[in-house]
Structure formats: structure tokens, C-alpha cells
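Each chain, letter by letter, is given below.
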Amino acid sequence: MKIAFVGKGGSGKTTLSALFIRHLAAAGRPVIAVDADINQHLGPALGLTDDQAAGLPALGAQLPAIKEYLRGSNPRIASAAEMIKTTPPGQGSRLLRIVEENPVYATCARPVALDEGSVRLLVTGAFTEEDLGVACYHSKVGAVELLLNHLLDGPDEYLVTDMTAGSDSFASGLFTRFDLTFLVAEPTRKGVSVYRQYKEYARDFGVALRVVGNKVQGPDDLEFLHREVGEDLLATFGHSEWVRRLEQGAEPPLSSLEAENRDVLELLRTEVDAAVHRRDPQRYTAQAVHFHLRNAESWGNAKAGVDLATQVDPSFVLGSAAAPHSGLGQRMPDQVSTAQDAADPAGAAV
């Protein structure tokens, strides 16, 4: 199950996404955590020191090798240089799974031990000094979009993404790649304005959106959110001394989180698990193709020097019974074999 946390800057979306990740891990569920925010704070929210977080490998720095691996033996893609962030998979492409060992995870993911369980953490990488004035942060987030276009995930396994603040997510098709999106909103006019904007943009794409109120201090705040958000309001996260201690640098065990706030996390998990019945592989694949063709026409064809529309495999539907297993046990150097592996789905450790 693929989950996104969005909201305006300062709403608490990173804190809530980290708490949700901890909650899933404590229940023994396999989790991949992804920091796709321009402000890379998910690692520290999961307990890493600033130095540990700064030392995490950036997905953006490994993008050429990731493309080469995912390309596999797909005959529609002549080289990794012809892949862009929206390139959809087809027959011969290597796909990723939540629970497996593969070269992408070996190179880019790092395990994070929590007080109850552990997770794999992927980060896009911070906006560096070299990027200033010459690069767009969405080029880094593009690595996440490419991975999600090639991800086969099932019930009871989770990929949780802390998205960039506000409506920046709509600069790419990434906002359509999730089974459920939680929008974290404060009980303020600015807090709900992001909700209205997000709902309007997402309306035509069937994005499942639920609102989690945060920093709710009393009945007036709750009534405000009910009035402004309506039936999209799923739950409210109240004041938390546990979160305050965490933000001050302490490491309180998740078991000591206030019972009412832990109930909110469980409600979020229940809502995510129910979303499995709304999955539509045909629509998911069609949306990936839609944004790929738009990007190809807008800038991709000029950059790659070829017509990227030919990369679309009309017979391929991600998540269908015909979708191949990923190629496991391979290295991820600058150039890898394009032969499709026939390894056992369980895979061997890299």
C-alpha cells in the first residue's frame, strides 16, 4: 500500500508521517519510508542524528544507475539515457517489491532501527549549493516517481512518503501514485486552504484524500475543521507531550504515546487497509502513461532526442497477473545486463 502525507509547511506532516511509520513497524508490518520533501527531516523524525541523516545516500545521485536497473530487457527502451522520470514499465522491465532484496535498495536504502521494529529509509537528497539557480527540486523527486511506477506492492506492506509542502506535488504526476493521501491540516484558514487547493487539483484523477487535523486544542478548533473540511476529515491529532519530548531530542518509546493519539494512528492504518479494495491497476497504469506522454511532448523528447511515446507498452498493466517479477540478485553498476532475470520472487540477498 502506498501512502502520502501532504500539507502546508509547519502543519506537522513530517511528524505524523514518522509516527505512522513507527506505528506500522511496531505492528510488525514491512515498511519503506521515503523522504520526498525539499526539507529532508524524515530521518531525524525517525530518530537519526543530523549527521546520520546527512550521510544517507540520495536517490537523485543514483538516478542513472536506477534507470539502467529498472530498464531490464524492455525492448522499447534502447538505453537508460532515454528514460525520464515518468517512463512506464513494460514487458522486460524490472519491477520492485516492498519485501525483497534488490540493487536499488542495496544502494539507496538504509535500515533505521526503531524502538519497536525497523524500516527501510529512502531519501531524495537535499537541495545542494550546486543546484542553486540551475536545477529544480522536482528533478530529485523524479526518482521517487520512477520507483513508484515500477513498484508492485500488496496488502499488509507499506510505502509511506513524506511529500514536499503545499501544492508542489502537482508539478509532476507523483500525486497520483498513492492508494491514499493524508493531508495534515491545522485549524486555520491557511491550513484548510491547502486542502481546498489539493482537492481541486486532484479531483479529476480519482485521488483518495483524507484530512488529519493537527494541533487541535479544543471544541472550537474541531468545529472549524468539520465546517471547512466536511466528510474528508478522518481524525484529529491532539496536543502531545510525547511529540514535544521527541522534538526536544529525547527518544520516548512509542508505547508511551498518548492513548488517544495512538488510536488516531490505528484509525489511519485501518483506512489505508480498506483502500486496497479501491485499487484499479488499469487506471494506475493509464495515469502513468498519461503523464509520461505529457512530459515527453513538453520536454522529454527534446532532451532524449527520440520520441518517448514509443516507450509505452499498450499490453502492460502494472499489478496484473502478467506483470513479471523483478530481477533479483543483480548488481547496479553504471551498466548492467538487460537480460530479464528469472530468479525466485523471494530473491537472494545482494
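Residues numbered from 1 in each chain as written. Predicted model: local features only at pLDDT ≥ 70, side-chain atom pairs only at ≥ 80, totals over all residues. Heavy atoms only, no water.

A. Region of interest: the packing of aromatic side chains. All told, the structure shown has six aromatic pairs when counted by the stated rule. Centroid distance Phe20 to Phe182: 6.1 Å. Interplanar angle 75 degrees. Geometry classified as edge-to-face. Placement of the pair is Phe20 in helix 1 (residues 13–26) and Phe182 in strand 8 (residues 180–185), with a sequence separation of 162 residues. Ring geometry for Phe175 and Phe205: centres 5.2 Å apart, planes at 90 degrees, overall edge-to-face. With Phe175 in the loop between strand 7 (158–163) and strand 8 and Phe205 in the loop between helix 7 (189–202) and strand 9 (209–216), the pair connects residues that are 30 residues apart, well separated along the chain. Residue Phe175 is classed as buried on the basis of its relative accessible area, which comes to 3%. Among the aromatic residues, those joined into a ring-pair cluster are Phe5, Phe20 and Phe182. Directly above the ring of Tyr284 sits Lys2, whose terminal nitrogen or CZ lies 4.9 Å from the centroid. Taking NZ or CZ as reference, Arg177 lies 3.8 Å from the ring centre of Tyr284, over its face. (Phe/Tyr/Trp six-rings, centres within 6.5 Å; stacked < 30°, edge-to-face > 60°. Helix = DSSP H or I, 4+ residues; strand = E, 2+ residues; numbered from the N terminus. Buried < 20%, exposed > 50% of the residue type's maximum accessible area, 1.4 Å probe, protein only. Lys NZ or Arg CZ within 6 Å of the ring centre and 35° of its normal.)

B. Region of the structure containing helix 11 (residues 281–304). With 24 residues, helix 11 ought to run about 34 Å at 1.5 Å a step, yet its terminal C-alpha atoms sit only 28 Å apart, falling short of that. In helix 11, a bend of some 65 degrees at Ala296 exceeds every other bend along the element. Listed in full, the buried residues belonging to helix 11 are Tyr284, Thr285, Gln287, Ala288, Val289, Phe291, His292, Asn295, Ala296 and Gly300. With a side-chain oxygen lying 3.1 Å from the backbone nitrogen of Gln282, the N-terminal cap of helix 11 falls on Asp280. In the segment just after helix 11, Gly305 is the residue with positive phi, at about 80 degrees. (Expected span 1.5 Å × (residues − 1). Bend = angle between axes of the 7 residues up to and from the residue. Polar contact = N/O pair within 3.5 Å; in protein donor to acceptor, adjacent residues only side chain to side chain.)

C. Main features of helix 1. Its 14 residues give helix 1 an end-to-end C-alpha distance of 20 Å, which sits within 8% of 20 Å, the value for a rise of 1.5 Å per residue. Taken across its 14 residues, helix 1 has 12 buried, putting it largely inside the fold. When helix 1 is considered as a whole, its buried residues turn out to be Lys13, Thr14, Leu16, Ser17, Ala18, Leu19, Phe20, Ile21, Arg22, His23, Leu24 and Ala25. Within two residues after helix 1, Gly28 carries a phi angle of roughly 80 degrees, on the positive side.

D. Highlighting the layout of surface pockets. When its volume is computed, the largest pocket comes out at roughly 690 Å³. Surrounding the largest pocket, 27 residues form its lining, Gly12, Thr15, Lys215, Val243 and Glu247 being those nearest its centre. Partitioning the lining of the largest pocket into residue classes produces eight nonpolar, 13 polar and six charged. (1 Å grid on protein atoms, 1.4 Å probe; cavity = no way out; pocket = protein on both sides within 12 Å on 5 of 7 lines; lining within 4 Å. Points joined across faces, edges and corners; volume = space filled by probe spheres on them. Nonpolar A, V, L, I, M, F, W, Y, C, P; charged D, E, K, R; others polar.)

E. Expanded view of the confidence of the model for the chain. Of the residues in the chain, 87% have a pLDDT of 70 or more, and the chain-wide mean is 87. Note on residues 321–330: pLDDT under 50 across the span, and 39 contacts to partners over four residues away in sequence or across chains. (pLDDT = per-residue confidence, 0-100. Contact = heavy atoms within 4.5 Å.)

F. Structural detail: the pairing of strand 10 (residues 233–238). As judged from the five bridges shared by strand 9 and strand 10, these two strands associate in the parallel manner. Within the sheet, the bridge partner assigned to Val211 lies in strand 10 and is Leu233. (Pairing = 2+ DSSP bridges.)

G. Just the sheet that holds strand 7, in detail. Reading across from one edge, 4-5-2-7-1-8-9-10 is the order of the eight strands in this open sheet, with mixed pairing throughout. Taken across any chain shown, the strands that pair with only one partner, and hence form the sheet edges, are strand 4 (110–113) and strand 10. Between one strand and the next, the sheet's axes are offset by a mean angle of 25 degrees, whatever the strand orientation. Pairing between strand 8 and strand 9: five bridges, direction parallel. When the sheet's bridge partners are listed, Val184 is paired in strand 9 with Val212. (Axes fitted to C-alpha atoms, helices over the stretch in contact; angles between N-to-C directions.)

H. Representation of the environment of Leu19. Within the secondary structure, Leu19 is located in helix 1. Look at Leu19 and you get buried, because its relative accessible area is 1%. Residues Leu19 and Asn261, 242 residues apart in the sequence, show an inter-C-alpha distance of 9.8 Å. Setting aside residues no more than four positions away along its own chain, Leu19 makes contact with Phe237, Trp242, Val243, Leu254, Leu257 and Leu265.

I. Looking closely at the pairing of strand 1 (residues 2–7). Counting buried positions along strand 1 gives six out of six residues, so the element sits mostly inside the fold. Where burial is concerned, the two faces of strand 1 agree: the one with Lys2, Ala4 and Val6 and the one with Ile3, Phe5 and Gly7 are both buried. Summarising the sheet, strand 1 and strand 7 pair through four bridges and their orientation is parallel. What sits directly across from Phe5, in strand 7, is Asp162. Inspection of the sheet shows strand 1 paired to strand 8 by five bridges, in the parallel sense. Considered in strand 8, the bridge of Gly7 is made with Val184.

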